[in-house]
Amino acid sequence: MSDDYPSLLRSEQMSLVQLFVPTEVAHDTVAELGELGNVQFKDLNPNVNPFQRSFVGEIRRVDEMGRRVRFFSTQIEQEKDVVPIRPLYDSAPLIAVGPRAPQAMDELDVTLAAHEQRLTQMNETYQKLSERTKELIEARHVLRETAVFFDKAQDHQTDIRTSFDDSSAPLLQHDDRENQYSVGTGVQFDLEFVAGTIERVRVPTFERVLWRVLRGNLYMNHTDIVEPFVDPVTGAETRKNVFIIFAHGDALLAKIRKVAESMGATLYPIDANADKRSESLREVEGRLEDLQNVLYNTGSSRRTELTKIGESLRSWQDVVRKEKLIYETLNLFNFDVRRKTLIAEGWVPTRDITTIQLALRHATEESGTSVPPILHELRTQKTPPTFNRTNKFTEGFQTIMDSYGVASYQEVNPGLFAVITFPFLFAVMFGDIGHGFIIFVAALYMILAERKLARVDLGEIMGQFFYGRYIILLMGLFSMYTGLMYNDIFSKSLHIWHSAWDFPSNTTDTKLVGIDNGHRYSFGLDPGWHGADNNLVFVNSYKMKMSVVLGVIHMTFALCLQFPNHLKFKRPIDIYANFIPQMIFLQSIFGYLVICILYKWSVDWSNATTQPPSLLNMLISMFLSPGKVDPSEQLYAGQPFVQVVLLLLAAICVPWLLITKPYLAWKDMHKIKEQGYVSISGEGDGNGIHRNSSDEVLEGEEEGNGRDIAEDGDNGEHEQHDFGEVVIHQVIHTIEFCLGCISHTASYLRLWALSLAHAQLSEVLWSMTLEAWLEPNGVFDWIVLIVMGVFWFVLTVFILCLMEGLSAFLHALRLHWVEANSKHFEGGGYAFTPLTFANPDSKE
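Residues numbered from 1 in each chain as written. Predicted model: local features only at pLDDT ≥ 70, side-chain atom pairs only at ≥ 80, totals over all residues. Heavy atoms only, no water.

(A) Highlighting helix 14 (residues 469-486). When the terminal C-alpha atoms of helix 14 are compared, their 25 Å separation across 18 residues agrees well with the 26 Å that a helix rising 1.5 Å per residue should span. Summarising burial for helix 14: 14 of the 18 residues are buried, a large majority. Remark: Asn-487 follows helix 14 within two positions and exhibits a positive phi of approximately 55 degrees. (Helix = DSSP H or I, 4+ residues; strand = E, 2+ residues; numbered from the N terminus. Expected span 1.5 Å × (residues − 1). Buried < 20%, exposed > 50% of the residue type's maximum accessible area, 1.4 Å probe, protein only.)

(B) Examining the pattern of salt bridges more closely. Taken as a whole and assessed by the stated rule, the structure comprises 31 salt bridges. The closest approach of N and O atoms between Arg-68 and Glu-64, which form a salt bridge, is 3.8 Å. Of this pair, Arg-68 and Glu-64 both sit in helix 2 (residues 56-78), four residues apart, which is roughly one turn of that helix. Residue classification places Arg-68 among the buried residues on the basis of a relative accessible area of 12%. Across the pair Arg-68 and Asp-109 runs a salt bridge, and its minimum N-O distance is 2.7 Å. (Salt bridge = Lys/Arg side-chain N within 4 Å of Asp/Glu carboxyl O.)

(C) Geometry of the pairing of strand 1 (residues 14-22). The buried count for strand 1 comes to eight of nine residues, which makes it a mostly enclosed element. In this sheet, strand 10 (residues 341-349) lies alongside strand 1 in antiparallel orientation, the contact comprising nine bridges. Among the inter-strand pairings, Ser-15 is bridged to a residue of strand 10, identified as Val-348. Pairing of strand 1 with strand 11 (residues 374-378) involves five bridges; the strand directions are antiparallel. Each residue of the ladder has a partner; that of Leu-16, found in strand 11, is Leu-378. (Pairing = 2+ DSSP bridges.)

(D) Structural detail: a nonpolar patch on the surface. Side chains of Ile-461, Met-462, Phe-465, Leu-761, Ile-786, Val-790, Phe-793, Val-794, Phe-798, Ile-799, Leu-802 and Met-803 sit close together on the surface and give an oily, nonpolar patch of about 1,100 Å² of accessible area. Those elements giving two or more residues to the nonpolar patch turn out to be helix 13 (459-467) and helix 24 (779-820). The element contributing the most residues to the nonpolar patch is helix 24, with eight residues. (Patch = residues over 30% accessible without salt bridge, like charges linked within 9 Å, V, L, I, M, F, W, Y side chains within 5 Å. Areas by Shrake-Rupley, 256 points an atom, 1.4 Å probe, with all protein chains shown as cover.)

(E) Structural context of unusual backbone geometry. Its identity as a non-glycine residue notwithstanding, Gln-410 has a phi of 70 degrees, on the positive side. Its location among the elements puts Gln-410 in the loop between helix 9 (395-404) and helix 10 (414-430). Look at Gln-410 and you get buried, because its relative accessible area is 8%. Within the chain, Lys-570 stands out as a residue other than glycine whose phi angle is a positive 55 degrees. Among the structural elements, Lys-570 can be located in the loop between helix 16 (562-568) and helix 17 (572-602).

Structure (structure tokens):
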């Protein structure tokens, strides 16, 4: 029945299949199986170099197409204005299978190459135009600033720049020497000059270097260029200054030019004549205007090209990704040259074989050939991969369990039970009706809008929340349930039913004592405890004992999952040697503690003759003083005898665990040896007989001489080695289990600690924000109440729901991974990773 109705209890039954695929239909067959997504192919060419396989040329071609597609994507991302990209579901599909598939791929290759060539040319042209535009803008600034400088020189005496150091005096030291250069109305300089632009951050260094190199024999002036220069490739902004340097002599000018070029400055030839400068400025502005028009048109053409590429980019990415996966898969196949057939092997779910056969038939029809691929199921002793078929509801829970480790093939899957236990243990730590409702509504919104949100890039953090939306939904639902049990909503209590406690209002005592009115609160914690002085003491004791009870129940259930595993894998020895003694050991100590907790809760100690005993001290005395119980602290009649019996059972279970399985293994080994069976492993290391031994030896085995062969070939090392492994493994397993029972039970106290911390933090937040403003008397009080209400809600969401929720999530995760899974989980499997096009690993 389990084969007909597979479930999450165990992984799917897998089959090893062999495919004989004709070469003409190989591409379409793999494409069809990739769309189906349920075949994990094996590499039949493990010793062949990846560069020597059959489809290396096709992969290189697809890689080149992928490079072009990535280039387009990068160019679109670097564009300042957003370029619209049509989503894949809205794009026209490219037909990459069937008789026209090679022609379609050739056309796509040509299309991508043409787009790349045009875009590359546009980029180069745009870059060259941008560089030329920048040079003209710099030249315009240089002409303007030099004109301003010369205009000032007509009306004012030249300012002499002082040196940064006093190592030398300037060339133009005396005012009377400056005046001798002025003739008539114009300004005629006997000194020559160099003008250009330089980055602003380098100006101080430039000045110092020139001053020291030329020993002060220069005059320099510089001004800032207001607008920054933007690199068309990197988009980086650079701010520059215009400088003009006066000096005398060709040698000094040559030094100035060398220093300027070495520091990245750009020099421009500026004429000293004002008319020629004006003419050059008009010429530069005219050329700049024409160049900017050409640059704008080039940018528009480039954006048009990118917009056209964006229309088909997603479909190109999808086709390239699929083609690469197809050819990488085809390289795993073995090529039969004589039959012109590809031979493939792979693991498939057994119940999907019929679906796969239909897919193979469909691939044959699509390719237009008459020779279909042949599927043949193989018998094998190899361990299949582990595949748990999930849906969008169970996927998140299964992923949590798989993060701990992949279960063995057909082992009981803890992911099935985590659907209930995980959100419940989370809710025990997070229990609050209000907080649970907030995360429940958030998860419900993500579920109702999942189609729209699935198409949006939510980012890494929000994407994780969206992936676990069904986990969050159940966590919120269970948190509301446990909040109802704790009678806690935003640190307040609900009075749904009649309280069991009455507090007299006509008394003059400062301390009120509750009076039992005979009622019992129907569900959850009585609201009478809220605000009581001994509330924390009561809730502390209640939640601590509850966490122990839940922990032992959870561990017992996890331990019980061993039993179906032992039955499935036909290991009756493990049932008697591991499962039964472990269950007895756990229940004789901690199961007994749970029963005592429940019994202590059921007793009315107000009418009892003895005081309620401390269960912790009782458990310690059970080990330190067996058979002795103080009558004043006795929980029930016959307690000493029961505790001695339980202690003896626990003591017996330790050697039972240590000895039974190694003894049975040793007994089986000797039984096999006495029957004359030998190993036929092929290592030839003394542990058995060579499998490829001579015919005489094999004939001797068949004629009854197996005992002699065993005596000759087996010197006892193999037996000692195997037996030693069993003993060491069992000793470690026993110590780990016995000590783990104690530490794991104590670990479940985190349920009590986090629940208490969450409730106290919620109460502190309420008292520090809203409590003082709940009775407003004026407009100001109402405004403060609204502000504090918003502040309280924001802190509740971000601190109590997100941060505390994440903390409770991690602790619930640890309880499942360590405390529960260590009781039954074997692991050691490997995940089923089929060829699939559904979830791409890359964004090509």
